[in-house]
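# Examination of the molecular architecture
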Amino acid sequence: MSKHILVVGGGLAGTMVANGLCRRLGNELRAGQVQITLLGTSDRHLYQPALLFVPFGLAGEENLFRSQRQVLDRRVVFHVDPARQIEAVTKKVTTEAGRVFDYDYLILATGSRLMPETVPGMVEGAHWFYDLAGARKLRSALQAFTGGRIVVNINVPHKCPVAPLEMTLMLHDYLTKRGLIDRTTLTYTYPIGRLHALEPVAHWCKPVLEQRGIQSETFFNTEWIDPVNQRITSMEGVTLDYDLLITIPPHAGMEVVSTSNLGRGGWATTDPKTLLHTVHKEIFVIGDTTNIPISKAGSTAHFETETVIANITALIQEGCWSHDYDGKVFCFLETGMEEGTYTWFNYVTPPRLGPPSQMIHWFRLAYNRLYWLSVKGLL
Ligand SMILES: Cc1cc2nc3c(=O)[nH]c(=O)nc-3n(C[C@H](O)[C@H](O)[C@H](O)COP(=O)(O)OP(=O)(O)OC[C@H]3O[C@@H](n4cnc5c(N)ncnc54)[C@H](O)[C@@H]3O)c2cc1C
């Protein structure tokens, strides 16, 4: 009997896993023993990491998108029809359009969403770059900026652990190049008692921020923003005045995950090694939507998809498990407009950052283009 693999979510993780399974299960697809279906929310695929470059005018919007159908292997049956309810016990998914899909394996890759509305005043008073509308608005605000107080305010949880730091360091270079740095104070806030959740990154960035005269406030958990008087106040009682507030809004998982009882807050409860849902063993969870306490990043999703592709292939072809996920994450970190570094880590090896170089920066820019090969599984 034919096995049906249903992928919910056509972002980075869902697309990579569907394409990878087509490559590995070519014979089974040809023989009609396997079918792969992907349910998404849009016929356009967004490369999110390039949003970092939009506020500085360094990423053409035409490079951010491709047709979702074109980035998917042609053997994947694709519907722009989001999942509304997942019945894990009966192994059925009902969509917004009322279609019902049975599955043998479900791959949950619904990602995360920004929740600026959960912080009073944030929608009215803050800018962000984590979606296209926000990145465009911030680009206009930066072009109009002539000096003053900029606060970069980080809220958790959020995806891409290093993007806020990259924004801060790039901003410093941008303001220097525009001759505005002497008329600007730049303050970086972080919710815990150090400058970054990853301890080695926190140690690394402390002197980097200090050398550039960037001020910082740790233990800063945003309570509310006063958009009229341009003030941001933390639960710890600190108030900062700003002329431009750049925030990373807190994130949540997708509603379908919570309404289907697969995890609180939209984060699906996931075994960190098998990437199986902790209760429903036909459901694999990948990308931002897991509740695994590691970085929510495209590279995390990428390495997770490799594990899931190998395991589903082994289960179908040999009836056995292949291997577990080791927690691998790789991050580029732009340390300015013309330099970058990188780090990698996993469940046992902590991150270590090397010296920044122009070459790594160029490689990061090249990856913005190579992504389109990578998501197709050609890299
Ligand atoms: C500014 C910025 C910079 C970043 N930089 C980096 C970086 O340098 N390196 C890095 O590794 N990562 C980076 N990231 C993070 C990276 O983009 C995400 O971690 C990655 O996209 C996660 O992949 P995903 O598939 O889990 O989620 P997504 O790519 O967000 O995809 C989830 C998809 O599921 C869809 N969906 C939601 N609900 C449903 C539903 N009910 N039914 C069907 N589909 C649904 C969504 O619409 C979306 O298309 C960055 C992110 C941002 C915003």
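Residues numbered from 1 in each chain as written. Predicted model: local features only at pLDDT ≥ 70, side-chain atom pairs only at ≥ 80, totals over all residues. Heavy atoms only, no water.

## Looking at the side chain of Thr289
- Among the secondary structure elements, Thr289 is positioned in the loop between strand E19 (283-285) and helix H9 (298-318).
- Judged by its relative accessible area of 0%, Thr289 is buried.
- A distance of 3.2 Å separates polar atoms of two side chains, one belonging to Thr289 and the other to Thr110.
- Residues in contact with Thr289, not counting those within four places in the same chain, are Leu108, Ala109, Thr110, Gly111, Val257, Gly266, Trp267 and Ala268. (Helix = DSSP H or I, 4+ residues; strand = E, 2+ residues; numbered from the N terminus. Buried < 20%, exposed > 50% of the residue type's maximum accessible area, 1.4 Å probe, protein only. Polar contact = N/O pair within 3.5 Å; in protein donor to acceptor, adjacent residues only side chain to side chain. Contact = heavy atoms within 4.5 Å.)

## Focus on the sheet that holds strand E15 (residues 231-234)
- Across the sheet, which stays open at both edges, the 3 strands sit in the order E14-E15-E16 with antiparallel pairing between neighbours. Each edge of the open sheet carries a strand with a single partner, namely strand E14 (222-226) and strand E16 (239-241). Strand-to-strand twist of the sheet, defined as the mean angle between neighbouring strand axes without regard to direction, takes the value 20°. (Pairing = 2+ DSSP bridges. Axes fitted to C-alpha atoms, helices over the stretch in contact; angles between N-to-C directions.)

## What about the packing of aromatic side chains?
- Under the counting rule described, the total for this entry stands at 12 aromatic pairs.
- Consider the rings of Tyr47 and Trp372, whose centres lie 6.3 Å apart with planes at 65°: the pair is edge-to-face. Within this pair, whereas Tyr47 is found in the loop between strand E3 (44-46) and strand E4 (65-67), its partner Trp372 is found in helix H10 (residues 358-374), the two being separated by 325 residues in sequence. Of the two residues, Tyr47 and Trp372, both sit in the buried class. (Phe/Tyr/Trp six-rings, centres within 6.5 Å; stacked < 30°, edge-to-face > 60°.)

## Some remarks on the domain arrangement of the chain
- Per the domain assignment, the segments of the chain are domain 1 (3-57 + 64-111 + 254-328) and domain 2 (115-250).
- Once you take the C-alpha centre of each, domain 1 and domain 2 turn out to be 32 Å apart.
- On the side of domain 2, 21 residues touch domain 1, which itself brings 15 residues to the contact.
- Note on domain 1 versus domain 2: buried area summed over both sides is about 1,400 Å², and carbon and sulfur give 76% of it. (Domains from an automatic or database assignment. Buried area = accessible area lost by both parts, 1.4 Å probe.)

## A word on the site of the ligand
- Taken together, 30 residues lie near the ligand, and Ala13, Thr41, Asp288, Gly298 and Ser299 sit nearest.
- For the ligand, an oxygen atom lies 3.0 Å from a polar atom in the side chain of Gln48.
- Backbone polar atom of Gly298 to an oxygen atom of the ligand: 2.8 Å apart, as the coordinates give it.
- Notes on the ligand: free accessible area 990 Å², of which the protein chains cover 89%.
- When its residues are assigned to classes, the shell around the ligand shows 15 nonpolar, 11 polar and 4 charged.
- For the shell around the ligand, the two domains that each supply at least three residues are domain 1 (3-57 + 64-111 + 254-328) and domain 2 (115-250). (Near = heavy atom within 4 Å. Areas by Shrake-Rupley, 256 points an atom, 1.4 Å probe, with all protein chains shown as cover. Nonpolar A, V, L, I, M, F, W, Y, C, P; charged D, E, K, R; others polar.)

## Things to note about the state of the cysteines
- Under the criterion given, the structure shown has 0 disulfides.
- Considering cysteine sulfurs only, Cys331 is the nearest to Cys205, which forms no disulfide, with 13 Å between them. (Disulfide = S-S within 2.5 Å.)

## Considering H9
- An ideal rise of 1.5 Å per residue puts 30 Å on 21 residues; H9 measures up with 29 Å between its terminal C-alpha atoms.
- When you tally the buried positions in H9, you get 15 out of 21 residues, the bulk of the element.
- Taken from the residues just after H9, Gly319 is the one with a positive phi, measuring 70°. (Expected span 1.5 Å × (residues − 1).)

## Things to note about the sheet that holds strand E17 (residues 244-248)
- In spatial order, the strands read E13-E12-E11-E17; together these 4 strands make up an open sheet with parallel pairing. At either end of the open sheet lies a strand with only one pairing partner, and these are strand E13 (215-217) and E17. Going from strand to strand, the sheet's axes swing by 20° on average, the running direction of each strand aside.
- Where strand E11 (residues 148-154) and strand E12 (residues 184-189) come together, 6 bridges link them in parallel fashion. Of the residues in E12, the one forming a bridge with Val151 is Thr187.

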